[in-house]
Amino acid sequence: MTDLGAPGDPRARGPGDGPEAVASRIADAVDSLTALWSVAAQEASLRLSPHQLRALRAVEAGPGLNVTALADEMDIGLPTASRLCDRLAAAGLLERAPNPGARREVQLWLTSHGRHVLGDVADRRAEALAMALTAMEPAERVALSRGLLGFLAARDGVAPHPDGTGGTDGAGGTDGQ
């Protein structure tokens, strides 16, 4: 197995292996992944825009959040978030309910149909991704997995373990599990 990027590996120090070059390749991969996911989402039982999917996923992650919190989460204006919720509620994907603790506040909840649609999209996306990964060599999948773990650990400020799993530098804390 080739482990490019291991300390002391001269192949990881070529001119195309600097952070800017790698960032450019990652950006291309993200664009490709986004297109793959978009196609998979459009093949789901109900076609939703990326904006609508983001809103449903935000409500799924934070059941009971209000429209203001949704707008903040999505970085959109309150009127836009309100209209988005109107459309999702009209489609039977989202329901609004008064907050029992603050009657002027409206909470957002997924309907069972909304949960079903999100599950369908997630299943189709996972299937499309698995098909792409199947076309890769096993060593490439391992290298990609380790690279992604390293990226996530670096982003989160956590030093990865030598075996490629997330964790700490041994100074205490969690082991990434």
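Keep in mind it's a predicted model, so treat the numbers as computed, not measured.

About the criteria used
Residues numbered from 1 in each chain as written. Predicted model: local features only at pLDDT ≥ 70, side-chain atom pairs only at ≥ 80, totals over all residues. Heavy atoms only, no water. pLDDT = per-residue confidence, 0-100. Contact = heavy atoms within 4.5 Å. Helix = DSSP H or I, 4+ residues; strand = E, 2+ residues; numbered from the N terminus. Buried < 20%, exposed > 50% of the residue type's maximum accessible area, 1.4 Å probe, protein only. Lys, Arg positive; Asp, Glu negative; His and termini not counted. Salt bridge = Lys/Arg side-chain N within 4 Å of Asp/Glu carboxyl O. Pairing = 2+ DSSP bridges. Core = buried A, V, L, I, M, F, W, Y, C linked by side-chain atoms within 4.5 Å.

Draft legend 1. Summary view of the confidence of the model for the protein chain. Here the protein chain shows a mean pLDDT of 83. Residues at 70 or above account for 81%. pLDDT under 50 marks residues 168–177. Its contacts with residues more than four places away, or in other chains, come to 12 contacts.

Draft legend 2. Inspection of the side chain of Arg 125 at higher detail. Turning to its location among the elements, Arg 125 is positioned in helix α5 (residues 112–134). Although Arg 125 lies buried, it forms no salt bridge, and the closest oppositely charged side chain, Glu 60, sits 9.2 Å away as judged by the N-O distance.

Draft legend 3. Spotlight on the pattern of salt bridges. Summed over the entire model, instances satisfying the criterion amount to 3 salt bridges. Two residues, Asp 120 and Arg 124, come together in a salt bridge whose shortest N-O distance is 3.1 Å. With Asp 120 and Arg 124 both in helix α5 and 4 residues apart, the pair spans about one turn of that helix. The salt bridge involving Asp 156 is made with Arg 155; its shortest N-O contact spans 2.9 Å. In this structure Arg 155 comes out as exposed when scored by relative accessible area, which is 54%.

Draft legend 4. Focus on the pairing of strand β2 (residues 102–110). Here 6 bridges tie strand β1 (residues 94–99) to β2, and the two strands are oriented antiparallel to one another. By the bridge assignment for β2, Arg 96 is matched with Leu 108. Hairpin connection between β1 and β2: a loop of 2 residues separates the two successive antiparallel strands.

Draft legend 5. Inspection of the nonpolar core at higher detail. Within the largest apolar cluster, 25 residues are counted, with the highest numbers of intra-cluster contacts made by Leu 56, Val 59, Leu 70, Leu 88, Leu 94 and Leu 108. Every element with two or more residues in this core is listed here: α2 (50–61), α3 (67–74), α4 (78–90), β2 and α5. Ranked by the residues each element gives to this core, the list is headed by α2, at 5 residues. Among all residues touching Leu 70, those that are not within four sequence positions of it are Ala 55, Ala 58, Val 59, Leu 65, Cys 85 and Leu 108.

Draft legend 6. View of the side chain of Gln 107. Tracing the backbone shows Gln 107 in strand β2. If sequence neighbours within four positions are ignored, Gln 107 has contacts with Gly 64, Leu 65, Glu 95, Arg 96, Ala 97, Pro 98, Asn 99 and Pro 100.

Draft legend 7. Summary view of unusual backbone geometry. Unusually for a residue other than glycine, Asp 75 sits at a positive phi of about 60°. When you line up the elements, Asp 75 lands in the loop between α3 and α4. Judged by its relative accessible area of 72%, Asp 75 is exposed.

Draft legend 8. The arrangement of the environment of Glu 73 in detail. Structurally, the position occupied by Glu 73 is in helix α3. Sequence separation between Glu 73 and Ala 55 is 18 residues; the distance between their C-alpha atoms is 8.7 Å. If we ignore the near neighbours within four places in the chain, the residues touching Glu 73 are Arg 54 and Ala 58.

Draft legend 9. Fine view of the environment of Glu 105. Locating Glu 105 in the fold gives a position in strand β2. A sequence separation of 40 residues divides Glu 105 from Leu 65, and the C-alpha atoms of the two residues are 9.6 Å apart. Setting aside chain neighbours within four positions, we find Glu 105 in contact with Asn 66, Ala 97, Pro 98 and Asn 99.

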